[in-house]
Amino acid sequence: MIRGADIVVKSLIAENAEYIFGYPGGAIMPVYDALYDYSDQIKHVLTRHEQGAIHAAQGYARVSGKVGVVLATSGPGATNLITGLADAQIDSTPLVCITGQVAAHLLGTDAFQETDVVGLSMPGTKWNIQVRSVEEIAPAIAKAFHIAMTGRPGPVLVDITKNAQIEFGEFNYVPCLGIRSYRPYVRIDQKAIDAAATLINTAKKPYVLYGQGVVLASAEDQLKAFLDKTGIPAASTLLGSGALPQDHPSYVGKLGMHGNYAPNLLTNQCDVLIAVGMRFDDRVTGDLKRYAKQAKVIHLELDPSEIDKNVKCTVAVQGDCKVSLEMLTEAVLTNSHHDWMQKFRNLENEEKEAVIANDLHGTHGGLHMGEVIHLINKFKEEDAILVTDVGQHQMIAWRYFDYKKTRTQVTSGGLGTMGFALPAALGAQLYDYKKQVICVVGDGGIQMTIQEFGTIMQTKAPVKIVLLNNNYLGMVRQWQQLFFDKRYSFTELENPDFIKIAEAYRIKAKKVTERDDLEASVAEMILHQGAYFLEVVVEKEDNVFPMIATGCSVEEVRLS
Amino acid sequence: MNRYTILVYTENFIGILNRITIIFTRRGINIDALTASESRLDGIHKITIEVTVTEEQIVHLTKQIEKVVDVIKAYCFTDNEVVYQEIALYKLPIDSLDPGVEKVIRQFNAHIIAAEKEFVVIEFTGHKEDTQALLEILKPFNLLEFSRSGRVAIAKPKFSVQEYLNNQT
Ligand SMILES: Cc1ncc(C[n+]2csc(CCOP(=O)(O)OP(=O)(O)O)c2C)c(N)n1
Ligand SMILES: [Mg+2]
């Protein structure tokens, strides 16, 4: 017989968890006490805030394809996880969060640090459970890992009362292999494949949109094989970036509000739209009433609730896209689409002239964010991971980063959580100390989780942090400029001396204000052994273009 | 907008009802009535939800419900596709029981299921329109209390949760 707390830790070890991101407190102390004995089998990272812990676990999960594990105490510890849960839920990130809870006999009495965590976290979790006795612990954790990782991944939460942690019980770990009410995978309908293949074979202007579903299904090779055979142009969503190397001949760019010109515009000209592992988010579709109305739509999607949710499809191929893509590749004819592809290339040139050239190769005035990303591309490894926060810098970094490998894109997509990047970059780096992890943040967002400098210091994670400082909540300011008569209401920031802050945490830091110093500084940062903080002072009032304004159609994408 | 009945078969899991109702709350959709009970199958609960929405919404809602991990299966039906009943109880002061009221009770085929010194309780089962009609009639007779259940429903189309469970793939 061992303590419930030991069962918690041994269960995590049995699930091959490598890291726990957490923060201690009263109701979880027995588990922390147990952890003391297992430090050779599982590593714990003490963040500086529970939000940092959960975002770090998200970063870890996104780059590793494994479950991120989070540990927090009851009450405020648990409520500090809520933002991360909502973020992981909407971005389909597998997490297992374990929270301590007051003893079972105190539930519902407003005991010290009691909060209804199961109730609070319900909308932000794929599944959650409260465990009130020792024998329930291992089965709950087994189920949690199974649910988090299978089907469309997502966060789960296991709330464990303190009495369960200190009671003694048998440990006999049985992994969960299935739940009768939960069938995440279905057999793919050959008839749907055939119908899709017929549409694709007869299409004159077919067009592929791929999303993070491809990455989550590890279907990158299958996507590539399908595109190689059919020669269809393919565009990526924000979270799909990296699923296809950007130098692949089929790759035509990025979708969405600040995506590329051609991929948005030509959505309304294709005749068959093939959506793979993406959910037609409103940031991708713009006005749905004017979205791809001319096209027959084929949707390859695992989650049945996504099918016909926003865009009605002609052929739904429900199931794991790794399998369906392979079946589809088998069923379609070899083809090419030169003229259609050329349309993308022509519009791409327009975008280059109107926007990209200036974004990447500024000559006078303040530095542009794009110039920094352009130089990062010059020095980075092929498999470098880009972690971004939320705002203008996020869109610019995404637009210009040269994605070559899968699982190199880590950003808060669906929720748009400022403060995500710094802890997520830490988590991504801990998965592999040898990989380059480049964290691009804004001056607003970094201050939301800046305390995680402390965790970077303590773990010696060699994260490269690039602060693109425009002294503004830039993305909001851009909207104020374009849609609110330049009334810059509470978006200008008086910022601290970021260099001093970084240095206070013993992180090597440098500030660049001049174009002439930029290249050498970026090179120095990337080649530096340990963590590095590079602040680049950029033009204050630059805007991100192209842009599809809210309520507009994809074909109303504007270049200025 | 149409009236629909959703039949949800779930594991008997704490919080499952909450997980299902927040799907409606989040979309600003009102649940007209809801009942929950054991189903024919051991350990499996059946939740019956009545809701007035568009066809597009009902498909969306049913998929969202079925997505809940502890939901085994959810089916949605139009009123034509289900046999359903609601039970209503009416409490009247004993001195309201004049021949007029007795006639109404007989006409409706309602029953007096409790008679106390001060009051009687009348039970009547039917569709909402029927129980509502009786309510309107009894109101002028100093009706003391009224209570109506959510609908319980049996679907006409054939489906089997048991078979679904047996076909584990
Ligand atoms: C937690 C949170 N609060 C508010 C917002 C709204 N918001 C989106 S972008 C943005 C500005 C971000 O400013 P900064 O971090 O400096 O990045 P920039 O846009 O200047 O590159 C704000 C306030 C958000 N996305 N997340
Ligand atoms: Mg800023």
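Owing to the predicted nature of the structure, the values given are computational and were not obtained by experimental measurement. (Residues numbered from 1 in each chain as written. Chains lettered and ligands numbered in written order. Predicted model: local features only at pLDDT ≥ 70, side-chain atom pairs only at ≥ 80, totals over all residues. Heavy atoms only, no water.)

Residues Ile-87, Leu-89 and Ile-113 of chain B make up a contiguous nonpolar surface patch of about 250 Å² in total accessible area. Leu-89 of chain B sits in the partly exposed class, given a relative accessible area of 36%. (Patch = residues over 30% accessible without salt bridge, like charges linked within 9 Å, V, L, I, M, F, W, Y side chains within 5 Å. Areas by Shrake-Rupley, 256 points an atom, 1.4 Å probe, with all protein chains shown as cover. Salt bridge = Lys/Arg side-chain N within 4 Å of Asp/Glu carboxyl O. Buried < 20%, exposed > 50% of the residue type's maximum accessible area, 1.4 Å probe, protein only.)

Once that is clear, we can look at the site of ligand 1. All names here are of chain A. Not every one of the 18 residues close to ligand 1 is listed here, only the nearest: Gln-392, Gly-416, Gly-444, Gly-445 and Gly-474. His-393 is positioned with one of its side-chain polar atoms (N or O) 2.9 Å from an oxygen atom of ligand 1. Bound to the protein, ligand 1 loses 76% of the 580 Å² it would expose on its own. At the level of secondary structure, the elements contributing two or more residues to the shell around ligand 1 comprise α17 (392-400) and α20 (474-483). By residue number, the principal contributor to the shell around ligand 1 is α20, which donates 3 residues. (Near = heavy atom within 4 Å. Polar contact = N/O pair within 3.5 Å; in protein donor to acceptor, adjacent residues only side chain to side chain. Helix = DSSP H or I, 4+ residues; strand = E, 2+ residues; numbered from the N terminus.)

What follows covers the domain arrangement of chain B. How big an interface is tends to be expressed through the accessible area that disappears when the partners come together. Residues and elements named next belong to chain B. Taken domain by domain, chain B comprises domain 1 (2-80 + 152-167) and domain 2 (83-148). Spacing between the C-alpha centres of domain 1 and domain 2 amounts to 30 Å. Contacts between domain 1 and domain 2 engage 7 residues on the former and 6 residues on the latter. Interface area, domain 1 with domain 2, both sides summed: about 600 Å², of which 34% is carbon and sulfur. Across the contact surface, domain 1 and domain 2 share 2 salt bridges. Summed over the shared surface of domain 1 and domain 2, the result is 5 residue pairs in polar contact (both at pLDDT 80 or more). A per-element tally of the side of domain 1 that touches domain 2 places strand β9 (residues 152-155) first, with 3 residues. Broken down by class, the residue content of the side of domain 1 that touches domain 2 amounts to 3 nonpolar, no polar and 4 charged. (Domains from an automatic or database assignment. Contact = heavy atoms within 4.5 Å. Buried area = accessible area lost by both parts, 1.4 Å probe. Nonpolar A, V, L, I, M, F, W, Y, C, P; charged D, E, K, R; others polar.)

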